[in-house]
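# Overview (structure and organization)
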Amino acid sequence: MARRSLSSRIVSSSAALRRVVDEVTILLPIPPSTNALHDHAPGRPVRSNAYSAWIRDAGWRLLEQRPGRVPGAYILLLAAPETETKADLDNLSKATSDLLQQHGVIDNDRKARRVVLDWHRDHAELAATVRAVPPGLVLAPIAPIRPRTGALEAA
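Computed from a prediction, not measured in an experiment: that's the story for all the values here. (Residues numbered from 1 in each chain as written. Predicted model: local features only at pLDDT ≥ 70, side-chain atom pairs only at ≥ 80, totals over all residues. Heavy atoms only, no water.)

## Brief notes about the overall build of the protein chain
A tally of helices and strands in the protein chain yields four helices and six strands. Across the 155 residues in the protein chain, those meeting the buried criterion constitute 34%. For the protein chain, long-range pairs separated by at least 24 residues make up 85% of all intrachain contacts whose partners lie at least 6 apart in sequence. As displayed, the protein chain has an accessible area near 10100 Å², and 53% of this comes from carbon and sulfur atoms. (Helix = DSSP H or I, 4+ residues; strand = E, 2+ residues; numbered from the N terminus. Buried < 20%, exposed > 50% of the residue type's maximum accessible area, 1.4 Å probe, protein only. Contact = heavy atoms within 4.5 Å. Areas by Shrake-Rupley, 256 points an atom, 1.4 Å probe, with all protein chains shown as cover.)

Shown next, in the form of structure tokens:
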């Protein structure tokens, strides 16, 4: 049987103790871009040194804030400091979602119903807000999922 590290035991126990909340906001260091999360070893991708360092540092930052847990479906709102990163805005969500799941703030990043990304100029950290979506609530679409009739013919 594999032995779990001390940090994984801390994460597991802290996740189990989280109180259930409707919304939580956490400030985190800026994650590496999705493009820099993995290196390629022979035959398989491995976590990059930058990603491993961020997971460690952001995990401690998250634990300091003692966030609650948002079970089930959720909306993730991310605001990144525009002047602090050269990463594309949409490349910051994967690492953040994985960290939130690893620490039990969310059950599973597959349960995200919407992810909203924005820039801010207020401070040097990524602000991650997780909002519960009540059971049975259907979110109205915010963008068309099909081209308008005639849009392709007009082009």
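## Side note on the environment of Asn49
With respect to the secondary-structure elements, Asn49 resides in helix H2 (residues 49-65). With eleven residues separating them along the chain, Asn49 and His38 place their C-alpha atoms 8.4 Å apart.

## Here we look at unusual backbone geometry
Not every positive phi belongs to a glycine, and Arg66 is a case in point at roughly 45 degrees. As for its placement among the helices and strands, Arg66 is situated in the loop between H2 and strand S4 (74-81). By relative accessible area, Arg66 is classed as exposed at 66%.

## Here's the deal with H2
Taking 1.5 Å per residue as the helical rise, H2 with its 17 residues ought to reach 24 Å, and the 25 Å between its terminal C-alpha atoms agrees with that figure. Immediately downstream of H2, the backbone of Arg66 shows phi near 45 degrees, a positive value. (Expected span 1.5 Å × (residues − 1).)

## As for the sheet that holds strand S1 (residues 23-28)
The mixed open sheet is built from four strands, whose spatial order is S1-S6-S4-S5. Every other strand in the sheet has two partners, leaving S1 and strand S5 (112-120) as the edge strands with one partner each. Direction aside, neighbouring strands of the sheet carry axes that sit 15 degrees apart on average. With six bridges connecting them, S4 and strand S6 (residues 126-132) associate as antiparallel partners. Bridged to Tyr74 within S6 is Ala132. On top of the sheet, helix H3 (residues 93-102) reaches S1, S4, S5 and S6; it is set at about 125 degrees to S4, its chief contact. (Pairing = 2+ DSSP bridges. Axes fitted to C-alpha atoms, helices over the stretch in contact; angles between N-to-C directions.)

## Section: the packing of H2 against H3
Running from amino to carboxyl end, H2 crosses H3 at an angle of 50 degrees, the nearest separation of the two axes being 11 Å. Regarding the angle of H2 to H3, the classification is oblique. The handedness of the crossing between H2 and H3 comes out as right-handed. Together, Tyr51, Trp54, Ile55, Ala58, Gly59 and Leu62 of H2 and Ala95, Thr96, Asp98, Leu99, Leu100 and Gln102 of H3 make up the contact between the two elements. Across the contact of H2 with H3, the residue classes break down as eight nonpolar, three polar and one charged. (Parallel < 35°, antiparallel > 145°, perpendicular 65-115°, else oblique. Left-handed = near helix turned anticlockwise from the far one by under 90°. Nonpolar A, V, L, I, M, F, W, Y, C, P; charged D, E, K, R; others polar.)

Purely spatial values, then, with no claim about function.
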